[in-house]
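Listed below, chain by chain, are the residues.
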Amino acid sequence: MLPGFSVEQELQLDYRINEHIVLIPAGRNHQARLETTVFQPNGPGPFPLIIINHGKDPGHPNLQPRDRFYHMAHAFVARGYAVMVPMRQGFANSTGRYRDHGCDMTANGYIQAEDIRATLEFAREQKWIDADRIVVAGQSYGGLATMALGTEELPGVRGLINFAGGLRDDSNGCGWRSALVSAFAEYGSQNKVPSLWMYGQNDSLFGPELVARMHDAFEQAGGKAKLVEYAAFKRDSHGMLASRDGEKVWLADTMQFLERVGMPTKVLYKVPEPPLPQPTNFAKVDDVEAVPFLSENGKRAYADYLTKMTPRAFAVSSSGAWCWAEEGEDPEARALATCSAKSDKPCRLYSVDEHVVWNPDLAEKAAVTASNTPAPATDNAGTTQLGGTVATTN
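The residue count restarts for each chain, going from 1 along the sequence in the order it is written. For this predicted model, a pLDDT threshold of at least 70 governs which residues receive local features, and a threshold of 80 or more governs which side-chain atom pairs are given and counted, while totals over whole chains, interfaces and linings are taken from all residues. Hydrogen atoms and water are omitted, and side-chain values are computed over all heavy atoms in the structure.

Student: What should I look at first to understand the overall build of the chain in this one?
Tutor: Only DSSP runs of H or I with at least four residues qualify as helices, and only runs of E with at least two residues qualify as strands; both kinds are numbered from the N terminus onward. Each helix and strand in the chain was counted, giving 9 helices and 12 strands. Think of it in three bands: with a 1.4 Å probe and only protein chains considered, a residue is buried below 20% of the maximum accessible area for its type, exposed above 50%, and partly exposed in between. Considering the chain as a whole, with its 394 residues, one finds that 54% of them fall into the buried category. Looking at the chain alone, contacts between residues at least 24 apart form 72% of all its contacts between residues at least 6 apart. Looking at the chain as shown, the accessible area adds up to about 16,700 Å², and 50% of this sits on carbon and sulfur atoms. The contact rule is simple, with two residues in contact once any of their heavy atoms fall within 4.5 Å. With residues, only the protein chains shown are counted as cover, and all accessible areas are computed by Shrake-Rupley using a 1.4 Å probe.

Right, here's the structure in full:
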């Protein structure tokens, strides 16, 4: 077993919501470029805009994949919005260097907010953006940075949304919880834009007691914020926004807030969901022995996969390679990509969510027609949870 083994792959751009990448100037003398994912409806606009800001994964920021917040973007494009998801300096393929101030959470929020401000200024110059109807949202570290941004005069920005905002630092001597409370008190004292805060009961980073302290500090200092504390979400509510099922949690309160600040909420377009493989009658999903090509280790892995959350996908190869992915964006593509990186034979999906999608005829045809590429020297077993709710995101 290689439980930590994962392969980063670039998810395909979704033409259904006009997904594309732009590079936004930022930093000193605008020398840095922010890798920014854009989604938008068809037509010239101008469109109202939401900017969604990412958190920080464990490890080096430049190894962090491009964030898309695909499920949230999908909902906003259907309502006529353009969506921008900027990767801040030093993250993913953005240039510039990652900047932080250690345990000084107030300064961390401010320094990250500079790149959000650069995105906002770029957006307001685009003819296809309605410069007077903008909302800024952020998850985790992006939520902290969004609230720091709210201390500035922000023409056209009508509201801020903080999803599980904060930053955790377990280094020696860092009292990060108190530092976060102090940061939100500072941001509240300078707050200029109304905000909605959403935190879940089972957030692994920011529990209810800490959230209450942060919110109280923000409001007592003069900030304007409505706090929504929702029930436990799956294994960890910190990953709610990246989940396909998260919309059931955030949508209603978010739309009420947007209506209150004068932003549109009506669905204008029917945006089709990405197609999923169709179930087959090959076997029952819980029939471990029916899964082809698996060793005993692979069978144990498939049995473990059956305990995972949906959305989920399991891929196999005639070489004996296998991989599963759960939660996050496009687990089907992630499972296939990681399986293929470990196999010298083609990989195909066996199971998606609660269904077997394996077609032995298609699998045999793929094995005959595909060209084999040398694979990395690894064992034939592994898992990937990239982007899933089991990953810790700051």
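Student: Honestly, a nonpolar patch on the surface in this entry has me stumped. Any pointers?
Tutor: A contiguous nonpolar surface patch, about 260 Å² in accessible area, is contributed by Leu13, Ile21 and Leu23. Mapped onto the fold, isoleucine 21 is located in strand E1 (residues 20-26). For patch building, the residue pool is restricted to those with more than 30% relative accessible area and no salt bridge; the joining distance is 9 Å between like charges and 5 Å between nonpolar side chains (Val, Leu, Ile, Met, Phe, Trp, Tyr). Put simply, a salt bridge is a Lys or Arg side-chain nitrogen that is within 4 Å of an Asp or Glu carboxyl oxygen.

Student: Looking at this structure, how should I read the state of the cysteines?
Tutor: A covalent bond between the sulfur atoms of two cysteines is what we call a disulfide. The rule for a disulfide is simple: a pair of cysteine sulfur atoms within 2.5 Å. Tallying each qualifying case throughout the model produces 2 disulfides. Residue pairing for cysteine 103: its cysteine sulfur links by disulfide to cysteine 174, the two sulfurs lying 2.0 Å apart. Given an S-S torsion of about 80 degrees, the disulfide between cysteine 103 and cysteine 174 has right-handed geometry. Residue cysteine 103 is located in the loop between strand E4 (82-86) and helix H2 (105-124), and its partner cysteine 174 is located in the loop between strand E6 (157-163) and helix H4 (176-189); the two are separated by 71 residues in the primary sequence. Relative accessible area serves as the criterion here: at 27%, cysteine 103 is assigned to the partly exposed category.

Student: Would you explain the sheet that holds strand E2 (residues 32-39) in this entry?
Tutor: Should DSSP find at least two bridges between two strands, the strands are regarded as paired. Pairing is mixed in the open sheet, where 8 strands are placed in the order E1-E2-E4-E3-E5-E6-E7-E8. Since the sheet does not close on itself, it has two edges, and those belong to E1 and strand E8 (225-230), each with one partner. Averaged over all pairs of adjacent strands, the angle between their axes in this sheet comes to 25 degrees, without regard to strand direction. In this structure, strand E3 (residues 47-53) lies alongside E4, joined through 3 bridges in parallel fashion. From the neighbouring strand, isoleucine 50 faces E4, where its bridge partner is valine 83. Every angle, taken between N-to-C directions, lies between 0 and 180 degrees, and every axis is a line fitted to C-alpha atoms, over only the stretch in contact when it is a helix. Packing of helix H6 (residues 247-260) onto the sheet brings it into contact with strand E5 (129-139), E6, strand E7 (195-200) and E8, and relative to E7 it is tilted by some 170 degrees.

Student: Would you explain the nonpolar core in this entry?
Tutor: Ranked by internal contacts, the top residues of the largest apolar core, which has 50 residues, are Met84, Leu180, Phe184 and Met214. Beyond its immediate chain neighbours, meaning those up to four positions away, methionine 214 contacts Gly165, Leu180, Val181, Phe184, Trp197 and Tyr199. Residues Phe76, Val85, Phe163 and Phe257 belong to the second largest nonpolar core, which totals 34 residues. Working definition of a nonpolar core: buried Ala, Val, Leu, Ile, Met, Phe, Trp, Tyr and Cys residues. They are joined through side-chain atoms within 4.5 Å.

Student: Is there a simple way to explain unusual backbone geometry in this structure?
Tutor: Backbone phi values are negative for most residues with the exception of glycine, while trans is the configuration of most peptide bonds. Residue glycine 45 is joined to proline 46 through a cis peptide bond whose omega torsion reads 5 degrees. The step from threonine 310 to proline 311 runs through a cis peptide bond, and the omega angle for that step is 0 degrees. With respect to the helices, strands and loops of the structure, proline 311 is situated in the loop between helix H7 (296-305) and strand E9 (312-317). One non-glycine residue with positive phi stands out, namely asparagine 18, at about 50 degrees. Relative to the helices and strands, asparagine 18 is located in the segment before E1.

Student: How should the pairing of E2 be read in this particular structure?
Tutor: One face of the sheet, then the other: side chains in a regular strand alternate in exactly this way. For E2, a buried count of 7 out of 8 residues is recorded, marking the element as mostly surrounded by other parts of the structure. By the bridge criterion, 7 bridges tie E1 to E2 in an arrangement that is antiparallel. Each bridged residue has a counterpart across the sheet, and for isoleucine 21 the counterpart in E2 is threonine 37. Linkage of E1 to E2, two consecutive antiparallel strands, is achieved through a turn of 5 residues, within which glycine 27 is found at a positive phi near 80 degrees. In terms of strand pairing, E2 meets E4 through 4 bridges, oriented antiparallel. Of the residues in E4, the one forming a bridge with phenylalanine 39 is valine 83.

Student: Please clarify how the pairing of E3 should be interpreted in this entry.
Tutor: Burial analysis of E3 places 7 of its 7 residues in the buried class, the great majority of the element. Summarising the sheet, E3 and E5 pair through 6 bridges and their orientation is parallel. Along E5, the bridge assignment pairs phenylalanine 47 with isoleucine 129. A crossover connection joins E3 to the parallel E4 through helix H1 (residues 70-78); in handedness this β-α-β unit is right-handed. A clockwise course of the path from the first strand over the helix to the second, judged with the strands pointing away from the viewer, identifies a crossover as right-handed.

Student: Would you mind going over the pattern of salt bridges with me for this structure?
Tutor: Two side chains of opposite charge can pair, provided their charged atoms sit close to one another. Tallied over the full model, the rule gives 19 salt bridges. Of the charged contacts in the structure, one is a salt bridge between arginine 16 and aspartate 14, with a shortest N-O distance of 3.2 Å. Among the residues examined, arginine 16 registers a relative accessible area of 24% and is labelled partly exposed. Among the ionic pairs, arginine 244 bridges to aspartate 353, the shortest N-O distance being 3.2 Å. Of this pair, arginine 244 sits in the loop between E8 and H6 while aspartate 353 sits in the loop between strand E11 (347-352) and strand E12 (355-356), and the two are 109 residues apart along the sequence. Arginine 244 gets classed as partly exposed once you look at its relative accessible area, which sits at 33%. Taking relative accessible area as the criterion, aspartate 353 reaches 12% and is therefore assigned buried. Where salt bridges share partners, they join Lys234, Arg244, Asp245, Lys248, Glu327 and Asp353 into one cluster.

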